[in-house]
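# Tertiary structure, described
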Amino acid sequence: MGLRGGLKRFRWIISTVFVLNIFWTPLIFAQTITEPPPVQAKAAELIDANSGQVLYAKNPNQELPMASVTKLMTLYLAVKAIDQHQISLKDLVPADETAYRIGGSQIWLEPGERLSVDQMLKAVAIGSANDASYALGAFIGGSESAFVQKMNQTAHQLGMLHTHFVNPHGLPAQGHYTTAHDLALLGQQAVKMPLLLHYTSMWEDRSIRNGKGGTLWLVNHNRLLRTYPGCDGLKTGFTHEAGYCMVATAKRDNTRMIVAILGAPTGKARAQDAAALMSWGFQNFRTTSVVKAHEILGRVRVIRGTKPYVDAVVDHAVAITQPSTAGRLHSSKELPGDISAPVQKGQILGYLTVTSQKKVVRRIPIRASHAVDKITIGQLTWRYLWKLFS
């Protein structure tokens, strides 16, 4: 290999260790991981969707324009509003003069025209329509400025600390920027929404009128939807200022990868970078489901409680990503046989310990599914008499 080759590999190993986050255990570093592919984009980040663990990063915190990848936040907030029953897919979204004159990619909305939320989501997710994105945002927020404020508030809540939105569509504007890391965080939340993935996975659509008695043919710019197995989103973008950008995701078995690309030189390079990084991730890592959300792991007897037992559960689904060459995962639970009342909902009862090759990978709290009050003297007397005479 030579001195120069050895130093190059050493630097790569050190940088890989640095970008993996604190939830990654020492077990990972003992495994053999191949070198990641070269990346042409200015910035990129690959994460495991399950844990958010950073698997690869290049200039992840460099603030750059994002073009129409902006619309991923617009889609996220729109689907969130649907999930919270604030709007429905059948609601009609009005277009105004601003939407009509917005320019760029569009579906040529006319002032006063109304299209359903469903059609607007298709226009944004598939056709990357700026006018539809503006109209949808103004409809949800009450105005464009109010919606943009909501975009920035949500970004902050998601930990996107190097992102600032000025509009809901991504046309060039001063102070409109993000980072590869922040987009990966947004992608991690977006893939948790089946309805959002429903729209971002569409390759084409012909359901929206064209104003001439026919329908528009919308075609998705995400070529990975047709060429990369398991790809179902998320959003592409391009302007001369931003270059070619993308947040892409793909799922194979239990493993889902999310990649953020900013500033690729060409559309082809953007797709190549995203596909190569996700393939590298799938080849080197796998995700194993350990326990489902709210799965009952046991029952603990409650001494002097208003209820005799309390179910022991975990708050969230637990899945662990580790190198493909790592050993199998094993789990064991530690729960007491009984506990004295009162018991608080969410109170830690014990722990689920996950190990691989006799090393601890995760230790997950097991909690009480509900509260159990301490029984009173009156309740105890009534219980005794009920048993005596029943």
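Note that this is a predicted model, so its numbers are computed, not measured.

This part takes up the overall build of the protein chain. Looking only at helices and strands, one finds 12 helices and 17 strands in the protein chain. For the C-alpha atoms alone, the extent of the protein chain along its principal axes is close to 85 × 70 × 35 Å. Going through the 390 residues of the protein chain one by one, you find that 50% of them count as buried. Expressed as a percentage of contacts within the protein chain between residues at least 6 apart in sequence, the contacts between residues at least 24 apart total 63%. Accessible area of the protein chain: about 19,300 Å², with a carbon and sulfur share of 54%. Seen as two clouds, the 42 positive and the 26 negative side-chain charges of the protein chain have centres 9 Å apart.

Any segment with low pLDDT has predicted coordinates that should not be analysed in fine detail. Put simply, the protein chain has an average pLDDT of 90, and 91% of its residues get 70 or more. A low-confidence stretch, residues 1–30 stays under pLDDT 50, and its non-local contacts, those more than four residues away or across chains, total 38 contacts.

What follows covers a nonpolar patch on the surface. Taken together, the side chains of Leu385, Leu388 and Phe389 make up a nonpolar region of the molecular surface, amounting to roughly 330 Å² of accessible area. Note that leucine 388 resides in helix 12 (residues 377–389).

Overall, antiparallel pairing links the five strands, which are arranged 2-1-9-8-7 in an open sheet. For this open sheet the edge positions go to strand 2 (54–58) and strand 7 (231–239), each flanked by a neighbour on one side alone. Strand-to-strand, the axes of this sheet are offset by a mean angle of 5 degrees, without reference to chain direction. Taken together, the eight bridges between strand 8 (residues 243–252) and strand 9 (residues 255–264) define a ladder with antiparallel strand orientation.

Below, the discussion takes up the pattern of salt bridges. As a working rule, side chains carrying opposite charge can pair if their charged atoms are close by. Taken as a whole and judged by the stated rule, the model has nine salt bridges. One salt bridge connects glutamate 97 with arginine 101, and the closest N-O pair in it is separated by 2.7 Å.

With that settled, consider the side chain of threonine 163. Relative to the assigned elements, threonine 163 resides in the loop between helix 7 (144–157) and helix 8 (180–190). The class for threonine 163 is buried, based on a relative accessible area of 10%. Polar contacts involving the side chain of threonine 163 include one to the side chain of threonine 178, which spans 2.7 Å. Separated by 2.7 Å, the side chains of threonine 163 and aspartate 182 make a polar contact.

The next subject is the nonpolar core. When a protein is soluble and globular, its nonpolar side chains tend to lie buried together. In this structure, Met73, Ile107 and Leu196 are the most contacted members of the largest nonpolar core, which totals 66 residues. Counting residues per element, this core draws most heavily on helix 3 (residues 71–83), at nine residues. If we ignore the near neighbours within four places in the chain, the residues touching methionine 73 are Met151, Thr154, Ala155, Met160, Phe165 and Leu186. In this structure, Ile33, Ala248, Ala250 and Met257 belong to the second largest nonpolar core, which totals 26 residues.

The strand order across the open sheet formed by six strands is 14-16-17-12-11-15, and the pairing between neighbours is mixed. Strands with a single pairing partner mark the edges of an open sheet, and in this sheet they are strand 14 (329–334) and strand 15 (338–340). With direction set aside, neighbouring strand axes in the sheet form an average angle of 30 degrees. In this sheet, strand 12 (residues 309–313) lies alongside strand 11 (residues 296–303) in antiparallel orientation, the contact comprising five bridges.

Glancing now at the side chain of glutamine 188. Tracing the sequence through the fold places glutamine 188 in helix 8. Exposure remark for glutamine 188: the relative accessible area of 11% places this residue in the buried category. Not counting the four nearest positions on each side in its chain, glutamine 188 is found in contact with Ile47, Ala49, Asn50, Ser51, Gly52 and Ile258.

One can describe the packing of helix 3 onto helix 8 by two numbers: an axis separation of 11 Å at closest approach and a directional angle of 30 degrees. In terms of orientation, helix 3 and helix 8 fall into the roughly parallel class. Our pair here, helix 3 against helix 8, has a crossing hand that is left-handed. Along its contact with helix 3, which presents Leu72, Met73 and Tyr76, the element helix 8 presents Leu186, Gln189 and Ala190.

One pass over the full model with this rule turns up two aromatic pairs. On the numbers, 4.2 Å between centres and 25 degrees between planes, the contact of phenylalanine 238 with tyrosine 244 is stacked. Between tryptophan 280 and phenylalanine 285, the ring centres sit 5.8 Å apart and the planes meet at 70 degrees, which makes this aromatic pair edge-to-face. For the pair shown, tryptophan 280 and phenylalanine 285 are each scored as buried. Here the guanidinium or amino end of arginine 206 rests over the ring plane of tryptophan 217, the centre of that ring lying 4.3 Å away. The ring of tyrosine 351 carries arginine 363 above its face, with NZ or CZ at 4.3 Å from the centroid.

So, on to the pairing of strand 12. Counted residue by residue, strand 12 has four buried out of five residues, so it is predominantly covered. Between strand 11 and strand 12, which pair antiparallel one after the other, the connecting turn spans five residues, and arginine 304 there sits at a positive phi close to 55 degrees. As paired strands, strand 12 and strand 17 (residues 359–368) are joined by two bridges and run antiparallel to one another. Note on strand 17: the bridge partner recorded for alanine 312 is alanine 368.

Here we take up helix 11 (residues 267–284). Here helix 11 is 18 residues long and its end C-alpha atoms lie 26 Å apart, about the 26 Å a rise of 1.5 Å per residue gives. Summarising burial for helix 11: 13 of the 18 residues are buried, a large majority.

The rules behind these values
- Per-chain numbering applies: the sequence of each chain, read as written, is numbered from 1 onward.
- Totals for whole chains, interfaces and linings use every residue, but because this is a predicted model, local features are given only for residues with pLDDT of at least 70 and side-chain atom pairs only at 80 or more, for both listing and counting.
- Side-chain measures were taken over the full set of non-hydrogen atoms in the model, leaving aside hydrogen atoms and water.
- Helix and strand definitions here come from DSSP, where helices need a minimum of 4 consecutive H or I residues and strands a minimum of 2 consecutive E residues; each element is numbered from the N-terminal end.
- Throughout, exposure labels follow a simple rule: accessible area from a 1.4 Å probe, protein chains only, divided by the maximum for the residue type, with under 20% read as buried, over 50% as exposed, and the rest as partly exposed.
- Note on definitions: a residue-residue contact is assigned when non-hydrogen atoms from the two residues lie within 4.5 Å.
- Each accessible area value is a Shrake-Rupley result obtained with a 1.4 Å probe; residue values ignore everything except the protein chains displayed when judging cover.
- The charged-residue count follows a simple rule in which Lys and Arg add positive charge and Asp and Glu add negative charge, with His and chain termini not counted at all.
- Just so you know, the charge point we use is NZ for Lys, CZ for Arg, CG for Asp and CD for Glu.
- Looking at any residue, its pLDDT shows the predictor's confidence there, from 0 to 100.
- Patch definition: residues with relative accessible area over 30% and no salt bridge; like charges joined within 9 Å; nonpolar side chains (Val, Leu, Ile, Met, Phe, Trp, Tyr) joined within 5 Å.
- Salt-bridge detection follows one rule: a side-chain nitrogen of Lys or Arg within 4 Å of a carboxyl oxygen of Asp or Glu.
- If DSSP finds at least two bridges between two strands, the strands pair.
- Simply put, an axis is a line fit to the C-alpha atoms, just over the touching stretch for a helix, and the angle between two N-to-C directions goes from 0 to 180 degrees.
- For the purposes of these results, a polar contact is taken to be a pair of N or O atoms within 3.5 Å, where, inside protein, one atom must be able to donate a hydrogen and its partner to accept one; residues adjacent in sequence count only when each atom of the pair is a side-chain atom.
- What is meant by a nonpolar core is a set of buried Ala, Val, Leu, Ile, Met, Phe, Trp, Tyr and Cys residues, joined one to another through side-chain atoms within 4.5 Å.
- Between 65 and 115 degrees an angle is taken as roughly perpendicular, under 35 as roughly parallel, over 145 as roughly antiparallel, and anywhere else as oblique.
- Two helices crossing with the near one rotated counterclockwise from the far one by less than a right angle form a left-handed crossing, whereas a clockwise rotation gives a right-handed crossing.
- Note on aromatic contacts: the rings of Phe and Tyr and the six-membered ring of Trp form a pair at centre separations within 6.5 Å, being stacked when their planes are under 30 degrees apart, edge-to-face when over 60 apart, and tilted otherwise.
- Remark: a charge is flagged as sitting over a ring if the NZ atom of Lys or the CZ atom of Arg is within 6 Å of the ring centre and within 35 degrees of the ring normal.
- Each helix should span, by expectation, one fewer than its residue count multiplied by 1.5 Å.

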